[in-house]
Amino acid sequence: MERELPQRTTDHGQRTIMEFHHTTLDNGMQVIAELNDRAYSVAAGFFVKTGSRDESSELAGVSHFLEHMTFKGTPRRDALTVNRDFDRVGAKHNAQTSEEDTFYHVTCLPEYLPPAFDVLADILRPTLRDDDFETEKQVIIEEIRMYLDNPMSVAYEAAKTAHFGAHPLGNSILGTVESITALTAGQMRDYFARRYSPANIVLAFAGKADWGSLLELARAHCAGWQGGPASRQAGPVRGSGAFRAILRADDQQQTVVGVADGPPLESPDRYAAHLLATILGDHTGSRLYWALIDPGHADGAELSYQDFNQAGTFFTFLSCEPESTQVNLGRIAEVYQTLMSQGPTEDELVQAQNKVLARTVLRSERPMGRLASLGFHWMYHRAYLSVEQELEAFSRVTLADLRRLLGDWPLWPMTVVSVGPTTNVHPLS
């Protein structure tokens, strides 16, 4: 089942520097690699298609908890040895859990990939010991409490819940103190067996390496993994447009998170959505910046686009003095409504494209930057997206595309959650 795309050349065709490869192991695991003979490092990562949206209420937070547990020990290594074996070869490693995925990765010098990958693959088959589980449970609970002290985290989680309602995208990534306290090691082991099956994992490599050697590593460490296919309920969803004010009397500022529906990750409109968010809510030089930050009305005002499996969102973030909250919401509404009625300008589109293209190129110069893009795109699209193809997709977006996007996915009204020392905030029409 191995497939290799045509090589791409640079330097006027004199030297091949990028190759893409793909194969499927007999157990169903997808293995991909983008090889760059000019890179000085190599990155490897396991993309597990599981996150908080795949959890039931009694398992709330198990995906993130399980991410922690993978580093607590395997049949071959305890937690100390895991970290020591990464460190001894200078490998940079980490993991992250989102609503939809859990991502484990390592970056190192090419000559140290075999020992580094040996550790990375090893932790994907953890022992999940009872003693480690109970110890780490307290770490997770403290992490939840830490985020409960953060107004932006509280507002973000509450906004997701208000916007998505009973849909699983409204689930908290961390879970709650109550759900984590009640969770058992047996429940986690069952979740692991169902969700960490090889058919639900993409293994990706990026950087300086040899495809034959990578295949040998993948087969030697992962071919024996077992498990059946894992499914996900991923029907389209539209948000509620609800409004909620949460009192936190000790906060010094008011924090507001707004959520509007956007195109899902399956839609080609996601490129236009990223550019629209840049025009409106980039941290510098955007409409929200000039309307709220530059005049000193707020210290934070941004818009970002997040694409999900069969869903998408525009997240608006505002932080300001409590007494300015209502008028600042009015300013945001005016910015959005003006853009929806008039559309962006050509200069704004070009500026946004330049920003996004530059950031894409800068991120892609590092194997780790390419790894994330490669793995997530393959997981949901089963296609290779080269840097050139990604740049072309952003460059093709027109003003007509942005105007159509605003008609299909209006930014206002939106779900709004306000958190802080005042509840004297009300929804706008």
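Since the model is a prediction, treat every value here as computed from it, not as a measurement. (Residues numbered from 1 in each chain as written. Predicted model: local features only at pLDDT ≥ 70, side-chain atom pairs only at ≥ 80, totals over all residues. Heavy atoms only, no water.)

## As for the overall build of the chain
Going by this rule: Secondary structure follows DSSP: runs of H or I at least 4 residues long count as helices, runs of E at least 2 residues long count as strands, and numbering of each begins at the N terminus. For a compact globule the rule gives 2.2 Å times the number of residues to the power 0.38, and the radius of gyration it is set against comes from C-alpha atoms. Classification of residues uses two cut-offs on accessible area relative to the type maximum, computed with a 1.4 Å probe and protein chains only: under 20% is buried, over 50% is exposed, and between them is partly exposed. Here the open area of atoms and residues is found with the Shrake-Rupley method and a 1.4 Å probe, where only the protein chains shown may cover a residue. Charged-residue counts in this description rest on Lys and Arg as positive and Asp and Glu as negative, His and the chain ends being excluded. By convention, the charge on Lys lies at NZ, on Arg at CZ, on Asp at CG and on Glu at CD.
Helix and strand counts for the chain stand at 15 helices and 13 strands. Relative to its length of 429 residues, the chain is compact, with a C-alpha radius of gyration of 23 Å against a globular reference of 22 Å. C-alpha atoms of the chain, sized along the principal axes, occupy 60 × 60 × 35 Å. Relative to its full complement of 429 residues, the chain shows a buried share of 56%. As displayed, the chain has an accessible area near 18,400 Å², and 51% of this comes from carbon and sulfur atoms. With 38 positive and 55 negative side-chain charges, the chain shows a separation of 3 Å between the mean positions of the two kinds.

## Observations concerning the pattern of salt bridges
Side chains that carry opposite charge are capable of pairing whenever their charged atoms lie near each other. Selection criterion: Any Lys or Arg side-chain nitrogen located within 4 Å of an Asp or Glu carboxyl oxygen qualifies as a salt bridge.
For the structure on display, the rule yields 26 salt bridges. Here glutamate 136 ties to lysine 72 by a salt bridge, and the two come within 3.5 Å at their closest N and O atoms. Note that glutamate 136 is positioned in helix H4 (residues 130-148) and lysine 72 in the loop between helix H1 (62-70) and helix H2 (79-87), a separation of 64 residues in sequence. Within this structure, Arg76, Arg77, Arg84, Asp85, Arg88, Asp118 and Asp122 form a network of salt bridges that share partners.

## Brief notes about the layout of surface pockets
Condition: Whether a set of points on the 1 Å grid over the protein atoms alone is a cavity depends on a 1.4 Å probe fitting there but being unable to get out, while an open set qualifies as a pocket with protein on both sides within 12 Å along at least five of seven lines; lining residues are those with an atom within 4 Å of a point. Grid points are joined across faces, edges and corners, and a volume is the space filled by probe spheres set on the points. Polarity classes work like this: nonpolar for Ala, Val, Leu, Ile, Met, Phe, Trp, Tyr, Cys and Pro, charged for Asp, Glu, Lys and Arg, and polar for all others, with Gly in that last group.
Estimates place the volume of the largest pocket at around 1,400 Å³. As for the largest pocket, its lining consists of 39 residues, of which His274, Tyr305, Gln306, Asp307 and Phe376 are closest to the centre. Elements supplying a minimum of two residues to the lining of the largest pocket: helix H9 (270-281), strand S11 (300-308), helix H12 (346-364), helix H13 (367-381) and helix H14 (387-395). Class assignment of the residues belonging to the lining of the largest pocket gives a composition of 16 nonpolar, 13 polar and ten charged. When its volume is computed, the second largest pocket comes out at roughly 600 Å³. Looking at the lining of the second largest pocket, the elements that each hand over two or more residues are H4, helix H5 (151-164), helix H6 (177-182) and strand S9 (243-247).

## Some words on the sheet that holds strand S13 (residues 415-420)
Note the following rule: In this analysis, strands are considered paired if DSSP registers two or more bridges between them. Here, axes are lines fitted to C-alpha atoms. For helices the fit covers the stretch in contact, and angles between N-to-C directions go from 0 to 180 degrees.
With respect to topology, five strands assemble into an open sheet ordered S9-S13-S10-S12-S11, the strand pairing being mixed. At either margin of the open sheet sits one strand with a lone partner, and together these are S9 and S11. On average, each strand axis in the sheet is inclined to that of its neighbour by 15 degrees, with strand direction left out of account. Where strand S10 (residues 254-261) meets strand S12 (residues 311-320), eight bridges bridge the pair, whose relative direction is antiparallel. When the bridges of S12 are listed, valine 256 appears paired with leucine 318.

## As for the packing of aromatic side chains
To be explicit about the condition: Between rings of Phe, Tyr and Trp, where Trp is taken as its six-membered ring, a pair exists when centres lie within 6.5 Å; planes separated by under 30 degrees are stacked, by over 60 edge-to-face, and by other angles tilted.
Going through the model one piece at a time under the given rule, you end up with 19 aromatic pairs. Note on tyrosine 104 and tyrosine 196: the rings are 6.3 Å apart at their centroids and 65 degrees apart in plane angle, and the pair reads as edge-to-face. Linking tyrosine 104 in strand S7 (residues 102-108) with tyrosine 196 in the loop between helix H7 (185-195) and strand S8 (201-207), this pair joins segments that are 92 residues apart in sequence. For the pair shown, tyrosine 104 and tyrosine 196 are each scored as buried. Three or more aromatic residues joined by ring pairs form one cluster here, namely Phe46, Phe117, Phe205 and Trp225.

## Quick notes on the nonpolar core
To keep it simple, the criterion reads: We define the nonpolar core as a collection of buried residues of types Ala, Val, Leu, Ile, Met, Phe, Trp, Tyr and Cys that are connected through side-chain atoms lying within 4.5 Å of one another. By the convention used here, residues are in contact when the closest approach between their heavy atoms is within 4.5 Å.
One finds Phe46 and Phe117 to be the most contacted residues of the largest nonpolar core, which totals 55 residues. Counting residues per element, this core draws most heavily on helix H3 (residues 113-123), at seven residues. When near neighbours in sequence (up to four residues on either side) are disregarded, phenylalanine 117 contacts Ala44, Phe46, Leu203, Phe205, Leu217, Ala218, His221 and Cys222. Counting 42 residues, the second-largest nonpolar core is a separate cluster that includes Ala273, Ala393, Leu402 and Leu405.

## Here we look at H2
Operational definition: By definition, the arc is the one covered by directions from the helix axis to the C-beta atoms.
For H2, the full list of buried residues reads Thr81, Val82, Asp85 and Phe86. The buried residues of H2 occupy an angular sector of 130 degrees when the element is viewed end-on, so they sit on one face. Exposed side chains of H2 directed beyond 90 degrees from the buried face belong to Leu80 and Asp87. Looking at the buried residues of H2, the elements they touch are strand S6 (92-97), S7 and H3.

## Focus on the pairing of S10
Most of S10 sits inside the fold, with eight of its eight residues counted as buried. Covered by surrounding structure in S10 are Gln254, Val256, Gly258 and Ala260 together with Thr255, Val257, Val259 and Asp261, the residues of both alternating faces. Bridge analysis of S10 against S13 gives five bridges, and the strand direction is antiparallel. Looking at S13, one finds that valine 257 is bridged to valine 417.

## Observations concerning the confidence of the model for the chain
Quick reminder of the rule: For every residue, the predictor states its confidence as a pLDDT score lying anywhere from 0 to 100.
Residues with a pLDDT of 70 or more make up 96% of the chain, whose mean pLDDT is 94. Low pLDDT, under 50, characterises residues 1-14; the stretch is placed with 30 contacts to residues that sit more than four places away or in other chains.

## A word on H14
Given 3.6 residues to a turn, an α-helix orients residues that are three or four positions apart in the same direction. All buried positions along H14 are accounted for by Val387, Glu390, Leu391, Ala393 and Phe394. Burial along H14 is one-sided: seen end-on, the buried residues are contained in an arc of 155 degrees. Summarising the contacts, the buried residues of H14 are in contact with H9, H12 and H13.

## A word on unusual backbone geometry
Cis geometry is adopted by the peptide bond preceding proline 413, which originates at tryptophan 412 and carries an omega value of 0 degrees. Position of proline 413 among the secondary structure elements: in the loop between helix H15 (399-408) and S13. Of note, leucine 128 is a non-glycine position whose phi angle comes to about 55 degrees, a positive value. On the secondary structure map, leucine 128 appears in the loop between H3 and H4. One non-glycine residue, arginine 382, lies in positive phi territory at about 50 degrees. Along the polypeptide, arginine 382 turns up in the loop between H13 and H14. For arginine 382, a relative accessible area of 39% translates into the label partly exposed.

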